[in-house]
Amino acid sequence: MKIAQISPLYEAVPPKLYGGTERVVAWLCDALVEAGHDVTLFASAEAETRARLVPVRDQAIRLDPATLKSDLAAHMAMLHELRARMHEFDVLHFHVDMIHFPFFEDRAERTLTTLHGRLDLKDLPVVYRRWKQFPLASISMDQRKPLRNANWLGNVHHGMPAALCEFNPEPKGDYLAFLGRISPEKRADRAIAIARRVGLPLKIAAKVDAVDQEYFDQVVAPLLDDPLVEFLGEIGDDQKSAFLGGAKALLFPIDWPEPFGLVMIEAMACGTPVVARPCGSVPEVIDHGRTGFLASTLVVLSEAVKRLDEIDRAECRRQFELRFSAGRMAQDYERIYGRLASRRRAA
């Protein structure tokens, strides 16, 4: 099958540092090529992929040092290039939210749009009613709740290459880990509170976006004076295995409807259990008592940390390999592509 994968242009594919969607696109492209498909990736020029690359911008937007740049213009130029070449592909698989809807509404039956973000935003229902002909894929069943009546064709949990994170059966670091992004909904401050209650060191590897700088300065930064807390900043893929694999647990005490939460399966791949609040997709990813613990309050989350010896790290890795591999993700998308083809034949 000839498949076009259309990535956002905010991060490289895969990202050099933080970034979820572009990382998943990279893994999906490689897994589909491995499965024998002819895959073309529309992305920024520094992409590293086994697919055929169509570079539509000289570099990804976030780390581009140019002070004046337009993400809208960059994505519109990419869609124009894709439109000119769409006859080459059996499936156009979009990962760019809904910006392509007006450009491809006459070819919606040949598209699949995976929605990677939260869907409880005021203006979204109008868009998905207006362009209801576009088939959609969710990344968790919980993600669908605000748009239950949208044109859902399938649900695909993210997957990642098994070799990317090394399994560590006996971590030497006696610390808790927080990995991702510093923002009010990710609740690094709550992770610090948990570490303080249980008396364990906490290492925070996270980026701070401009929009979250005030939260960092006013809420998180004053807590970093605690000798138990170490702020490492943003780390890359080459550092994740050591960081997550060396931890007693990943803390994921979020306060929002997380659409998926890639860091949870990265931790599981290392054999590291996850202690998390059961928000959004979390109960679909973490099996309470098997690959981690789920709790809503600070007190119970802290008590869960004291029970980490009950979790078998080998079972965390086994569940990752069974449920969250890149190959499994590709197979799920292959089934959805097959449904698209069946719909076209029926029409």
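Structure's up top.
Analysis parameters
- Residues numbered from 1 in each chain as written.
- Predicted model: local features only at pLDDT ≥ 70, side-chain atom pairs only at ≥ 80, totals over all residues.
- Heavy atoms only, no water.
- Helix = DSSP H or I, 4+ residues; strand = E, 2+ residues; numbered from the N terminus.
- Rg over C-alpha atoms; globule rule 2.2 N^0.38 Å.
- Buried < 20%, exposed > 50% of the residue type's maximum accessible area, 1.4 Å probe, protein only.
- Contact = heavy atoms within 4.5 Å.
- Areas by Shrake-Rupley, 256 points an atom, 1.4 Å probe, with all protein chains shown as cover.
- Lys, Arg positive; Asp, Glu negative; His and termini not counted.
- Charge placed at Lys NZ, Arg CZ, Asp CG, Glu CD.
- Salt bridge = Lys/Arg side-chain N within 4 Å of Asp/Glu carboxyl O.
- Expected span 1.5 Å × (residues − 1).
- Arc of directions from axis to C-beta.
- Pairing = 2+ DSSP bridges.
- Right-handed = clockwise from strand over helix to strand, strands pointing away.
- Axes fitted to C-alpha atoms, helices over the stretch in contact; angles between N-to-C directions.
- Parallel < 35°, antiparallel > 145°, perpendicular 65-115°, else oblique.
- Nonpolar A, V, L, I, M, F, W, Y, C, P; charged D, E, K, R; others polar.

Asks: Explain the overall build of the protein to me, please; I cannot follow it from the model alone.
Replies: Along the backbone of the protein there are 12 helices and 13 strands. Its C-alpha atoms give the protein a radius of gyration of 20 Å, within 12% of the compact-globule value 20 Å for 347 residues. Residues counted as buried form 56% of the 347 residues belonging to the protein. Once local pairs closer than 6 in sequence are excluded, the contacts in the protein between residues at least 24 apart make up 66%. Only carbon and sulfur atoms are counted for the fraction: they give 51% of the accessible area of the protein, which is about 14700 Å². Each charge class in the protein can be summarised by its mean position, and for the 45 positive and 48 negative side chains these summaries are 6 Å apart.

Asks: Just checking my understanding: could you explain the pattern of salt bridges for this structure?
Replies: Oppositely charged side chains can form a pair if their charged atoms are brought close together. Under the counting rule described, the total for this entry stands at 34 salt bridges. Between E105 and R130 there is a salt bridge, and its shortest N-O distance comes to 3.5 Å. With E105 in the loop between α3 (101–104) and β5 (111–114) and R130 in helix α4 (residues 124–130), this pair connects stretches of sequence that are 25 residues apart. For E105, a relative accessible area of 33% puts it in the partly exposed group.

Asks: Which parts of the structure should I look at to understand helix α12 (residues 326–346)?
Replies: Each α-helix winds once per 3.6 residues, and so residues spaced three or four apart point in a common direction. Here α12 spans 30 Å end to end across 21 residues, near enough to the 30 Å set by a 1.5 Å rise per residue. Every buried residue of α12 is listed here: A326, R328, M329, A330, D332, Y333, I336, Y337, L340 and A341.

Asks: How do you make sense of helix α10 (residues 298–305) when you look at a structure like this?
Replies: Of all the positions in α10, only L301, S302, A304 and V305 are classed as buried. The buried residues of α10 occupy one face: seen down the axis, they fall within an arc of 155 degrees. In this fold, the buried residues of α10 make contact with β8 (176–181), α5 (188–198), β11 (249–252), β12 (274–276) and β13 (292–294).

Asks: Is there a simple way to explain the pairing of β5 in this structure?
Replies: Across a regular strand the side chains alternate sides, sitting on one face of the sheet and then on the other. Here β5 shows a buried face lined by T111 and T113 and a second buried face lined by L112 and T114. Where strand β4 (residues 91–94) meets β5, three bridges bridge the pair, whose relative direction is parallel. Within the sheet, the bridge partner assigned to L92 lies in β5 and is T111. Alignment of β5 against strand β6 (residues 136–138), held across two bridges, turns out to be parallel. From the neighbouring strand, T113 faces β6, where its bridge partner is L136. Handedness of the crossover is the feature at issue here: the chain leaves β5, passes through α4, returns alongside β6, and the resulting connection is right-handed.

Asks: Got a minute to help me understand the environment of D174 in this structure?
Replies: Here D174 shows up in the loop between β7 (152–155) and β8. For D174, a relative accessible area of 47% gives the class partly exposed. It is 29 Å that separates the C-alpha atoms of D174 and D209, two residues lying 35 residues apart in sequence. Discounting chain neighbours no more than four positions away, the residues touching D174 are L200, P201 and K248.

Asks: Sorry if this is basic, but what is going on with the packing of helix α7 (residues 237–245) against helix α8 (residues 262–270) here?
Replies: Each pair of packed helices can be described by the angle between their axes along with the distance between the axes. For the pair α7 and α8, interaxial distance at closest approach is 9 Å and the crossing angle is 70 degrees. The orientation of α7 with respect to α8, classified from their angle, is roughly perpendicular. Where α7 abuts α8, its residues K240, S241, L244 and G245 lie against E266, A267 and C270. Residue classes in the contact of α7 with α8 are distributed as three nonpolar, two polar and two charged.

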